[in-house]
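Residues per chain, in single letters:
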Amino acid sequence: MKYIEPHAHMVSRVTDDYLRMATAGCQAVCEPAFWAGFDRGSVQGFHDYFSQLTEHEPKRAAKFGLPHFSWLCINPKESEDVKLAEEVLSIIPEFLDRPNVLGIGEIGLNKNSRNEDKVLEMHVDLAARRQQRIPVQTSHMEVKLKGTRLILDVLKSDQSIKPARVIIDHVEEHTVQLVLDAGMWAGMTLYPESKCSPPRAIDIIEVYGSERIWMNSACDWGISDPLAVPKTALEMRKRHYTTEAIEKLIFQNPQAFLGQCPKFKLVET
Ligand SMILES: [Zn+2]
């Protein structure tokens, strides 16, 4: 089995997890910027984090033959401080040309507050200005249906954002159709205990199909499983999916979305 892990917060994982992922058939790891489990106090904290995502984490992944890619942003949880968000946004451009940076993300809303909305618009504006090579990765919200509608409104209102370059992660049964109807990609984030479990994710694709959909493990600082994608593939086998159908969902689909950025390359075999 081969697969791509398109959304994993590896800075919160031990090195053994890279070994386990590579052993399970992982071909590439993508890491959107996110909350670190605590609020960072200054722009310097984000500068260090972006350096970690663009310099240090790729080296750690490379030890296991895994290409590592990232998206950069300030996440919604820390976006209540608009002044800090403005400072963080001002340093992002200096990292965008680095070889493993695919774009802006994961942006979105958490509690749907006015400040979060403002910072979301600032990120979309930055992505639009650098549109040539920027897929946008959005996700994580507590008020999901309302938040999804708000995010879609912000993205659709900017004519320079191409829907096919946007993936809305963390979709569930009640939001997936909204995202697909907008022409965007939908991501299902697999969690071992809560939210979208592997059987539930497969139920979703059985209802909504597997076009413009990917699965990811998130594997952040919370309870999560870096092998959630290959474990879901095993669950698909139990339901008698063909090898081709499984590979389309866990390898070809993420490759198609990520490949929109010419910097995304797999190791030649
Ligand atoms: Zn995430």
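Our subject in this report is the structure included herewith. (Residues numbered from 1 in each chain as written. Predicted model: local features only at pLDDT ≥ 70, side-chain atom pairs only at ≥ 80, totals over all residues. Heavy atoms only, no water.)

1. Comments concerning the nonpolar core
So, point 1. Phe50, Ile168 and Met188 are the most contacted members of the largest nonpolar core, which has 72 residues in total.
So, point 2. Tallying contributions element by element places helix α5 (residues 114-129) first for this core, with seven residues.
So, point 3. Excluding its chain neighbours within four sequence positions, the residues that come into contact with phenylalanine 50 are Ala33, Leu72, Cys73, Val88, Ile91, Ile92 and Phe95.
So, point 4. One finds Phe69, Trp71, Phe257 and Leu258 within the second-largest nonpolar core, a separate group that totals 14 residues. (Core = buried A, V, L, I, M, F, W, Y, C linked by side-chain atoms within 4.5 Å. Buried < 20%, exposed > 50% of the residue type's maximum accessible area, 1.4 Å probe, protein only. Helix = DSSP H or I, 4+ residues; strand = E, 2+ residues; numbered from the N terminus. Contact = heavy atoms within 4.5 Å.)

2. Description of the packing of aromatic side chains
So, point 1. Inspection of the entire model under this criterion finds eight aromatic pairs.
So, point 2. A ring pair is formed by tyrosine 49 and phenylalanine 50, whose centres lie 6.0 Å apart and whose planes are at 35 degrees; its orientation type is tilted.
So, point 3. A connected cluster of aromatic rings, assembled from ring pairs, spans Phe46, Tyr49, Phe50 and Phe95.
So, point 4. A cation over an aromatic ring shows up here: arginine 40 above the ring of phenylalanine 46, its NZ or CZ 4.5 Å from the ring centre.
So, point 5. In this arrangement the basic side chain of lysine 77 is found over the ring face of tryptophan 35, its NZ or CZ atom lying 4.7 Å from the centre. (Phe/Tyr/Trp six-rings, centres within 6.5 Å; stacked < 30°, edge-to-face > 60°. Lys NZ or Arg CZ within 6 Å of the ring centre and 35° of its normal.)

3. Description of the pattern of salt bridges
So, point 1. Overall, the coordinates contain 15 salt bridges when judged by the stated rule.
So, point 2. In this structure, the salt-bridge partner of arginine 40 is glutamate 78, at a minimum N-O distance of 3.1 Å. Placement of the pair is arginine 40 in the loop between β2 (26-32) and α2 (43-62) and glutamate 78 in the loop between β3 (68-72) and α3 (82-91), with a sequence separation of 38 residues. As far as the burial class goes, arginine 40 and glutamate 78 line up, both buried.
So, point 3. For arginine 239, the salt bridge identified is with glutamate 206, shortest N-O distance 3.2 Å. Here arginine 239, found in the loop between α9 (228-238) and α10 (243-258), pairs with glutamate 206, found in helix α8 (residues 198-208); they are 33 residues apart in sequence, far enough to count as distant.
So, point 4. The network of salt bridges with common partners includes Arg13, Asp17 and Arg20. (Salt bridge = Lys/Arg side-chain N within 4 Å of Asp/Glu carboxyl O.)

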